[in-house]
Amino acid sequence: MNVTREDMPGRQVALTIELESETINAAMDRAYRQMVNQVNIPGFRRGKAPRYMVERYMGKEAITEQAVKNILPKTLQDAIAEQKIDAMDVSDYEILSMDPLQVKVVVIQQPLVELGDYSDVRVEKETTETTSEQVDEVIAELRRNGAPWNEPTKPRPIKKDDMVYLDLEGFTTEGEMEEAKRENFPTIVGVERAGVPLVVNQALEGMSVGDEKDVTDTLPEDYPNEALRGKDASYHVKALLIKEQQLPELNDEFAKTLNFDTVDAMRETIKNNLSERATDSAETAQVEKIMAELVSRSNVEVPDMLVNEEVDSMLKSLENRLKQQRINLRQYFTFGGMNENEWREANRDRARERVVRSLVLHDFAHREGISVDEAEVVGEVDTLLDRFEEGEREKAREVFTGDEMRHELEDRVYQRKLIDRLVGIAEGRVEAAP
């Protein structure tokens, strides 16, 4: 057996295997014996026709194809071992030549992950502070929720936070933009994503009912309609109606409607919630920076097959999220002005980044000796059971100790230990493994 190797992008290796005549002749005999019983050849009983008649009747290529199928698994295994390839998968074979018999197979290698030195990575968590202004913003939103909308008692210009009903048309050099057309459409001034282009929303402030205005804009490079990206657009808007919100007075009575005893108690709870969110956000940002540094210091080569599988997974997750909103993928792609292939291509880089990150984390965990033992899983179950009333604990224990939930809890503990180790090293509290 003679093997020629060609390294290709995407962790692929093309192997051209030239089979020895003795090997292929023995394989052809075996293939003949398999196939002679599968056909009826005039003048011969089934299974009794000589090899040359079977080759003439079925074609020599068919017998050769069967012969290759018979010997290729062992032959390919030997070739992979000879070339010292850490194989993950193989493609279908291709017969390049009949004389001599040459077969080409593309072997997909396992990903290559070479962790860089991360012992001196230092990323501190950003300090967070919750201000009274942030608390005021939340309270203002709570006052707006459910508050009635009424027309102003006197005519006045439109101002921020008004609800404006409008007619809208949009045009480019390509003609009218159907996706921009609105009739008697409500939008709230000052809200960035309020159903109309931001430039139109901003232009409403200062207009009055009955006023019309033309505004221009350049469509962004991520505009859903790909054919219009980067083009100049003009919008014609007419204000039809103004409504303003009648906000409840901020007092203890209002606080009680939200299950707080007083306004002060409401402010304290809101401040604590905001502080917790800010802390969580700072911790997430810290981990993201650490991961980015760890990846940047590492050398990773990923097979395209893993990237494709990640894209499949991302698409499946998207489909599940859309189902909760009663939207199917076809509708989603129609609304977005793209098809599935375009979506897949647009998300390949993000999928690759996710695969790279996962591989780097896996090797980091291996080097740092991170694992989860039975006692830790039991401890996690006990912690969860503490949240249940005495009479509910046994039923909850049955759920938590089931195979599926146990694996989920094991993964939860593993991820927590992994993040703790990452952050500990980055903050200089833990020494990295050599």
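I will try to describe carefully the structure that is included in this document. Quick caveat, the model's predicted, so the values are computed rather than measured.

**With respect to the overall build of the chain**
Across its full length, the chain carries 14 helices and 13 strands. On C-alpha atoms alone, the chain measures out to a radius of gyration of 34 Å, which is more than a quarter above the 22 Å that the 2.2 N^0.38 rule sets for 434 residues. Projected onto its principal axes, the C-alpha coordinates of the chain cover approximately 105 × 65 × 50 Å. Sequence separation of at least 24 residues holds for 66% of the intrachain contacts in the chain that already meet a minimum separation of 6. With an accessible surface of roughly 26,900 Å², the chain has 46% of that area assigned to carbon and sulfur atoms. Charged side chains of the chain number 58 positive and 90 negative; the gap between the two group centres comes to 5 Å.

**Focus on helix 2 (residues 51-58)**
When we look at burial in helix 2, the residues that qualify are Met53, Val54 and Glu55. Residue glycine 59 follows helix 2 closely and has a positive phi angle near 95°.

**Quick word on the packing of aromatic side chains**
This model, assessed by the stated rule, comprises three aromatic pairs. Summarising the aromatic geometry, the rings of phenylalanine 388 and phenylalanine 400 are spaced 5.9 Å apart at their centres and angled 65° between planes, so their arrangement reads as edge-to-face. A residue pair is termed long-range when its members are at least 10 positions apart, and phenylalanine 388 in the loop between helix 12 (374-385) and helix 13 (393-400) and phenylalanine 400 in helix 13 qualify at twelve residues. Across the ring face of phenylalanine 185, the terminal group of arginine 182 is positioned such that the distance to the ring centre comes to 5.1 Å.

**A look at empty space enclosed by the protein**
All chains considered together, the criterion is met by one cavity of 30 Å³ or more. The calculated volume of the largest cavity comes to roughly 60 Å³. Of all the secondary structure elements, the ones that give two or more residues to the lining of the largest cavity are helix 7 (263-296) and helix 14 (403-426). Broken down by element, the residue count for the lining of the largest cavity peaks at three residues, all from helix 14. Taken together, the residues of the lining of the largest cavity break down into eight nonpolar, no polar and no charged.

Cut-offs and rules
- Residues numbered from 1 in each chain as written.
- Predicted model: local features only at pLDDT ≥ 70, side-chain atom pairs only at ≥ 80, totals over all residues.
- Heavy atoms only, no water.
- Helix = DSSP H or I, 4+ residues; strand = E, 2+ residues; numbered from the N terminus.
- Rg over C-alpha atoms; globule rule 2.2 N^0.38 Å.
- Contact = heavy atoms within 4.5 Å.
- Areas by Shrake-Rupley, 256 points an atom, 1.4 Å probe, with all protein chains shown as cover.
- Lys, Arg positive; Asp, Glu negative; His and termini not counted.
- Charge placed at Lys NZ, Arg CZ, Asp CG, Glu CD.
- Buried < 20%, exposed > 50% of the residue type's maximum accessible area, 1.4 Å probe, protein only.
- Phe/Tyr/Trp six-rings, centres within 6.5 Å; stacked < 30°, edge-to-face > 60°.
- Lys NZ or Arg CZ within 6 Å of the ring centre and 35° of its normal.
- 1 Å grid on protein atoms, 1.4 Å probe; cavity = no way out; pocket = protein on both sides within 12 Å on 5 of 7 lines; lining within 4 Å.
- Points joined across faces, edges and corners; volume = space filled by probe spheres on them.
- Nonpolar A, V, L, I, M, F, W, Y, C, P; charged D, E, K, R; others polar.

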